[in-house]
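Reading the structure
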Amino acid sequence: MARPLIGITTSDAKSQLAWWFDWFAVWRHGGRPLRLSPSRPKPKHLDGLIIGGGDDIEASLYGGEVQLDVRLDLARDELELNLLERFIPQHTPVLGICRGAQLINVHLGGTLDPDIYTTHEGLKRRRTVLPRKTVDIVGASQLHRLLGVTWCRVNSLHHQAVNRAGEGIDIVARDRDGLVQGIESRDHDFLIGVQWHPEWLIFNRPQQRLIRALVAAAERHQLGITR
């Protein structure tokens, strides 16, 4: 059987190093990575989908206040919302990474905290690809089952976060500051978002289990198997 086709969204300008980590994370666990960006051809079919990390999401999409000092990619917002609208009803497995978790929540009617450092007084600034932040995971959640741990150390490259959960979404992980770090859908077999970047944690077993679980779910979807 051919490797399941996993679409990974990026900006047109994403660095080759960042894309290599995306590519490798999927390939090493048996998937066939396909880069998706606004200027690239749109796929007719996917077995799985990763909404990747990147720039901020346009505030009007979730009723937030306009931020003047942030980077936006409106074409990418449109691409990813269209992909979610198309593939979620097909029960295609979807993993949202950082911005991707936020985008999933927005797509389902949720809201974002536009800048955690202005809304949470005294919050320590962390911006690193190294696992320096502790996240607690809700027991009996799908994310807990897939990672196999009740807490983990993760990296942190964000200044926005999920605020109000979207329709059918459960908040299943928070960091020790109380910020949302993981979400999942009650209505789909595999629709999960994490605020960190598991693709950068190539030697971290729980994080690699998450990528492997996405590829495994994509294989089942390829075969027409649902849980």
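To keep things clear, this report deals only with the structure shown in the data block. (Residues numbered from 1 in each chain as written. Predicted model: local features only at pLDDT ≥ 70, side-chain atom pairs only at ≥ 80, totals over all residues. Heavy atoms only, no water.)

Quick word on the sheet that holds strand E7 (residues 151-156)
Overall, mixed pairing links the 9 strands, which are arranged E2-E1-E3-E4-E11-E10-E9-E6-E7 in an open sheet. The strands lining the two open edges of the sheet, one partner per strand, are strand E2 (32-36) and E7. With direction set aside, neighbouring strand axes in the sheet form an average angle of 25°. Alignment of strand E3 (residues 48-51) against strand E4 (residues 94-97), held across 3 bridges, turns out to be parallel. For Leu 49, the partnering residue across the bridge sits in E4 and is Val 94. Across the sheet, helix H1 (residues 16-27) is in contact with strand E1 (5-9), E2 and E3; its angle to E2 comes to roughly 145°. Along the sheet, helix H6 (residues 205-222) makes contact with E1, E3, E4, E7 and strand E11 (191-194), crossing E4 at roughly 150°. (Pairing = 2+ DSSP bridges. Helix = DSSP H or I, 4+ residues; strand = E, 2+ residues; numbered from the N terminus. Axes fitted to C-alpha atoms, helices over the stretch in contact; angles between N-to-C directions. Contact = heavy atoms within 4.5 Å.)

Brief notes about the packing of aromatic side chains
On inspection of all chains with the given rule, the structure shows 5 aromatic pairs. Judged by centre distance (5.5 Å) and plane angle (10°), the rings of Trp 23 and Trp 27 are stacked. With Trp 23 and Trp 27 both in helix H1, this residue pair falls 4 residues apart, about one helical turn. Note on Trp 27: relative accessible area 37%, which makes it partly exposed. Put simply, the rings of Trp 20, Phe 21, Trp 23, Phe 24, Trp 27 and Trp 200 pair up and form one aromatic cluster. The residue whose ring lies beneath Arg 125 is Tyr 117, and the NZ or CZ to ring-centre distance is 4.2 Å. (Phe/Tyr/Trp six-rings, centres within 6.5 Å; stacked < 30°, edge-to-face > 60°. Buried < 20%, exposed > 50% of the residue type's maximum accessible area, 1.4 Å probe, protein only. Lys NZ or Arg CZ within 6 Å of the ring centre and 35° of its normal.)

With respect to the pattern of salt bridges
For the structure shown, the criterion picks out 10 salt bridges. Between Asp 22 and Lys 14 there is a salt bridge, with the nearest N and O atoms lying 2.5 Å from each other. Judged on exposure class, the residue Asp 22 and its partner Lys 14 are both buried. Measuring nitrogen to oxygen at the nearest pair gives 2.6 Å for the salt bridge that ties Arg 76 to Glu 80. You can see Arg 76 and its partner Glu 80 sitting in helix H2 (residues 74-87), 4 residues apart, about one turn around the helix. Glu 80 shares its class with Arg 76; the two are buried. (Salt bridge = Lys/Arg side-chain N within 4 Å of Asp/Glu carboxyl O.)

Re the pairing of E4
Residues Val 94 and Gly 96 of E4 are buried on one face, and the alternating residues Leu 95 and Ile 97, pointing to the opposite face, are buried as well. The pairing of E4 with E11 spans 4 bridges and is parallel. Opposite Val 94, over in E11, you have Leu 191 as the bridge partner.

Comments concerning empty space enclosed by the protein
One pass over the full model with this rule turns up 4 cavities of 30 Å³ or more. In this structure, the largest cavity spans a volume of roughly 40 Å³. Along the walls of the largest cavity sit Ile 8, Asp 22, Ala 25, Val 26, Ile 50, Ile 97, Glu 199 and Ile 211, which together make up its complete lining. The element contributing the most residues to the lining of the largest cavity is H1, with 3 residues. In terms of residue class, the lining of the largest cavity is made up of 6 nonpolar, no polar and 2 charged. (1 Å grid on protein atoms, 1.4 Å probe; cavity = no way out; pocket = protein on both sides within 12 Å on 5 of 7 lines; lining within 4 Å. Points joined across faces, edges and corners; volume = space filled by probe spheres on them. Nonpolar A, V, L, I, M, F, W, Y, C, P; charged D, E, K, R; others polar.)

Some remarks on the nonpolar core
Of all hydrophobic cores here, the largest spans 29 residues; its most connected members are Ile 50, Leu 95, Ile 137, Leu 143, Leu 147 and Phe 190. Considering each element in turn, this core owes the most residues, 6 residues, to H6. Sequence-distant contacts of Leu 147, that is, excluding residues within four places in its chain, are made with Ile 137, Cys 152, Trp 196, Pro 206, Gln 207, Arg 209 and Leu 210. Ala 59, Leu 83, Ile 169 and Leu 191 belong to the second largest nonpolar core, which has 25 residues in total. (Core = buried A, V, L, I, M, F, W, Y, C linked by side-chain atoms within 4.5 Å.)

Section: the layout of surface pockets
Size it by volume and the largest pocket reaches roughly 830 Å³. Along the walls of the largest pocket sit 30 residues, with Gly 54, Asp 55, Arg 71, Arg 127 and Leu 157 positioned nearest its centre. For the lining of the largest pocket, the residue count by class is 7 nonpolar, 11 polar and 12 charged.

Brief notes about unusual backbone geometry
The backbone of His 91 shows a phi angle near 60°, a positive value even though the residue is not glycine. The backbone of Ala 140 shows a phi angle near 70°, a positive value even though the residue is not glycine. Structurally, Ala 140 can be placed in the loop between strand E6 (128-137) and helix H5 (142-147).

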